[in-house]
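# Architecture at a glance
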Amino acid sequence: MQDINYPVGFTIFKLDEDREEYTVTGTIAKEYRFRDFESAYDVEEYIRKHIDCSDISFDSEYCQFFAYTKTVDRAKQFVEDITAWVTKVKELVD
């Protein structure tokens, strides 16, 4: 699978074909950022509060966000949900 990059700052990829999970990684791009985040943990915390993550697992590090989904379609929907949320918040605070 070829990586899928989104302008919001996240990328979807599959580490290797033997793994069942799809990885979402990155951070909120400067153009979409509505506040400064101290770490990837803060980004994850905000996403967990505002996006449906019931079927998503996380394993973020201090400086890198990681989320895992079972299907590529769910990964795409997750990033699209993040994009919609940060776009809405940015419009409200600008």
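Sequence order as written defines the numbering, with residues in each chain counted from 1. In view of the model being predicted, local features appear only for residues whose pLDDT reaches at least 70, and side-chain atom pairs are presented and counted only at 80 or more, with totals across whole chains, interfaces and linings using the full set of residues. Excluded from the side-chain calculations are hydrogens and water; all other atoms, namely the structure's heavy atoms, are used.

### As for the sheet that holds strand 3 (residues 22-26)
Criterion used throughout: strands pair if DSSP finds at least two bridges between them. What counts as a helix is a DSSP run of H or I of at least four residues, what counts as a strand is a run of E of at least two, and both are numbered from the N terminus. Reading across from one edge, 1-2-3-5-4 is the order of the 5 strands in this open sheet, with antiparallel pairing throughout. Looking at the sheet topology across the chains shown, the edges are occupied by strand 1 (4-5) and strand 4 (57-58). Relative to strand 5 (residues 65-69), strand 4 runs antiparallel, the two sharing 2 bridges. Looking across to strand 5, one finds that phenylalanine 58 is bridged to alanine 67. For this analysis, residues touch if any pair of their heavy atoms sits within 4.5 Å. Here an axis means a line fitted to C-alpha atoms, over the contact stretch when the element is a helix, while the angle between two N-to-C directions is reported on a 0 to 180 degree scale. Contacting strand 2 (10-13), strand 4 and strand 5, helix 1 (residues 40-50) runs over the sheet at an angle of about 40° to strand 5. Contacting strand 1, strand 2, strand 3, strand 4 and strand 5, helix 2 (residues 72-93) crosses the sheet at an angle of about 175° to strand 2.

### Examining the pairing of strand 2
Relative accessibility decides the category of a residue: with a 1.4 Å probe and only protein chains considered, values under 20% of the type maximum give buried, values over 50% give exposed, and everything between is partly exposed. Every second residue of strand 2 is oriented toward a common face, with Phe10 and Ile12 on one face and Thr11 and Phe13 on the other, all of them buried. Two elements, strand 1 and strand 2, share 2 bridges in a ladder whose sense is antiparallel. If you follow asparagine 5 over to strand 2, its bridge partner there is threonine 11. The antiparallel hairpin formed by strand 1 and strand 2 contains 4 residues in its connecting segment, where glycine 9 sits at a positive phi of about 115°.

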